[in-house]
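Per-entry structural report
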Amino acid sequence: MTETSEPTTIIRADGRTAAQLREVTIERGWSEHAEGSALISFGKTKVLCTASFTNGVPRWMNGKGKGWVTAEYSMLPRATNTRNDREAVKGRIGGRTHEISRLIGRSLRAVVDTKGLGENTIQIDCDVLQADGGTRTAAITGAYVALADAIEWARDKKFVGQRAQPLIDTVSAVSVGIIDGSPMLDLAYVEDVRAETDMNVVATGRGLFVEVQGTAEGAPFDRRELDSLLDLALAGTAELTRIQQRVLAEAIAAAGE
């Protein structure tokens, strides 16, 4: 069992405390073509999230009165410090890409009332422009903003009812881990690669868990350490929720001017 330290007493290489997020920015409307879009930064990690709206659903959902939200994730060849071949050139999608795509889709559907969406489809694309740890958590957090904008676009075009509430909550995600015996929030790559325990946590704005992905990279962790990491993660997702809500509220205020 690893002896953990108090998370607020540690100062990290980038000057953050152990319980502090990297600087998070969300730029809405980054793509002028997509119905919803957001360029999100978690420190040096940058992900472009676009939401494409289609009036209609996959054939297997026809006539059910429900909509569908799905997602795809990819990473640009030079998003990391060495170039990776495009998966399209390789002729196959990697297992990690499939897994993260499904995770983003599940996370978004957890806060969507598909009946409120009507028989419409929203496809989210999350493209990593630059990676420095936490790409999947940044993608989920930014994808929610793009999704919210796409829904409002559809409402304006009368594809979604004026009184319908397709979004029943917010969703965001953050990484946590234990490094040198200390729980830390929002790991950059240099921290992620040396974490004794590494965890990604997806949670709603109400503080309900959508998914928890945790692995002991070294020594196994105990219940006390797990609780400490989950508490740290929920504090992080609560702050991310406030950032999402502020960005979306600014959009509403700008539209009313």
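To be clear, the structure that these remarks concern was listed above.
Residues numbered from 1 in each chain as written. Predicted model: local features only at pLDDT ≥ 70, side-chain atom pairs only at ≥ 80, totals over all residues. Heavy atoms only, no water.

Here's the deal with the sheet that holds strand β8 (residues 197-204)
Condition: Any two strands with at least two DSSP-identified bridges between them are counted as paired. Every helix listed is a DSSP run of H or I at least four residues long, and every strand listed is a run of E at least two residues long, numbered separately from the N terminus. Between N-to-C directions, angles span 0 to 180 degrees; the directions come from axes that are lines fitted to C-alpha atoms, helices contributing only their stretch in contact. Should any heavy atoms of two residues lie within 4.5 Å, those residues are counted as being in contact.
In space, the four strands of this open sheet follow the order β7-β6-β8-β9, with antiparallel pairing throughout. Two strands close off the open sheet at either side, each with one partner strand: β7 (182-185) and β9 (209-216). Going across the sheet, the axis of each strand differs from the next one's by a mean of 15°, ignoring polarity. Contacts between helix α2 (residues 95-109) and the sheet are confined to β6 (171-179), β8 and β9, with β9 contributing the most and set at about 145° to the helix. Of the strands in this sheet, β6, β8 and β9 are in contact with helix α4 (residues 135-156), which crosses β6 at around 160°.

Considering the sheet that holds strand β3 (residues 45-55)
Sheet architecture is open: five strands sit in the order β1-β2-β3-β5-β4, paired in mixed fashion. Bordering the open sheet on either side are β1 (24-28) and β4 (68-75), each of which pairs with just one other strand. With direction set aside, neighbouring strand axes in the sheet form an average angle of 15°. One ladder, built from seven bridges, connects strand β2 (residues 36-42) with β3; its direction is antiparallel. From the neighbouring strand, Ile40 faces β3, where its bridge partner is Val47. Each of β4 and β5 (120-130) touches α2; the most contacted strand, β4, lies at about 145° to it. Sheet contacts for α4: β1, β2, β3, β4 and β5; angle to β3, the most-contacted strand, approximately 35°.

Re the environment of Val57
Rule in force here: Think of it in three bands: with a 1.4 Å probe and only protein chains considered, a residue is buried below 20% of the maximum accessible area for its type, exposed above 50%, and partly exposed in between.
Note that Val57 resides in the loop between β3 and β4. Judged by relative accessible area, which is 14%, Val57 ranks as buried. Residues Val57 and Thr121 lie 64 residues apart in sequence; the distance between their C-alpha atoms is 5.4 Å. Beyond its immediate stretch of four places on either side in the chain, Val57 contacts Asn62, Lys66, Gly67, Trp68, Glu119, Asn120 and Thr121.

Let's talk about the packing of aromatic side chains
Operational definition: Note on aromatic contacts: the rings of Phe and Tyr and the six-membered ring of Trp form a pair at centre separations within 6.5 Å, being stacked when their planes are under 30 degrees apart, edge-to-face when over 60 apart, and tilted otherwise.
Counting across every chain of the model gives four aromatic pairs. Between Trp60 and Trp68, the aromatic rings sit 5.4 Å apart at their centres with planes inclined by 80°, giving edge-to-face as the arrangement. Here the aromatic cluster, defined as three or more aromatic residues joined through ring pairs, consists of Phe53, Trp153 and Phe159.

A few points about the packing of α2 against α4
Selection rule: Any angle from 65 to 115 degrees is called roughly perpendicular, while one under 35 is roughly parallel, one over 145 is roughly antiparallel, and all others are oblique. By definition, any crossing whose near helix is turned counterclockwise from its far helix by less than a right angle is left-handed, and any crossing with a clockwise turn is right-handed. Polarity classes work like this: nonpolar for Ala, Val, Leu, Ile, Met, Phe, Trp, Tyr, Cys and Pro, charged for Asp, Glu, Lys and Arg, and polar for all others, with Gly in that last group.
Contact geometry for α2 and α4: axes closest at 10 Å, N-to-C directions at 40°. With respect to their mutual orientation, α2 and α4 come out oblique. Seen from above, α2 lies across α4 with right-handed handedness. Contacts from Arg96, Glu99, Ile100, Leu103, Ile104, Ser107 and Leu108 of α2 reach α4 at Thr135, Arg136, Ala139, Ile140, Ala143, Tyr144 and Leu147. Taken together, the residues of the contact of α2 with α4 break down into nine nonpolar, two polar and three charged.

Section: the side chain of Ser172
As a reminder, the rule being used: Two N or O atoms form a polar contact when they lie within 3.5 Å of each other; inside protein one atom must be a possible hydrogen donor and the other a possible acceptor, and for residues adjacent in sequence the pair counts only when both atoms belong to side chains.
Mapping Ser172 onto the fold places it in strand β6. What makes Ser172 buried here is its relative accessible area of 0%. From its side chain, Ser172 meets the backbone oxygen of Thr237 in a polar contact 3.4 Å long. Those residues within four positions of Ser172 in sequence are excluded, and the remaining contacts are Ile140, Thr141, Val201, Val202, Ala203, Thr237, Leu240, Thr241 and Gln244.

Thoughts on the pattern of salt bridges
Just so we agree on the cut-off: Only one rule defines a salt bridge in this text: a Lys or Arg side-chain nitrogen within 4 Å of an Asp or Glu carboxyl oxygen.
Scanning the entire structure with this criterion turns up 13 salt bridges. For Glu99, the salt bridge is made with Arg136, and the minimal N-O distance between the two is 3.1 Å. Of this pair, Glu99 sits in helix α2 while Arg136 sits in helix α4, and the two are 37 residues apart along the sequence. Since its relative accessible area comes to 27%, Glu99 is described here as partly exposed. Arg155 is the salt-bridge partner of Glu152, the closest N and O atoms lying 3.2 Å from each other. Of the two residues, Glu152 and Arg155 both sit in helix α4, three residues apart, roughly one turn of that helix. Given the relative accessible area of 10%, Arg155 is considered buried. The network of salt bridges with shared partners includes Arg12, Asp14, Arg16, Arg22, Asp186 and Glu191.

Spatial relationships are all this shows, so hold off on functional conclusions.
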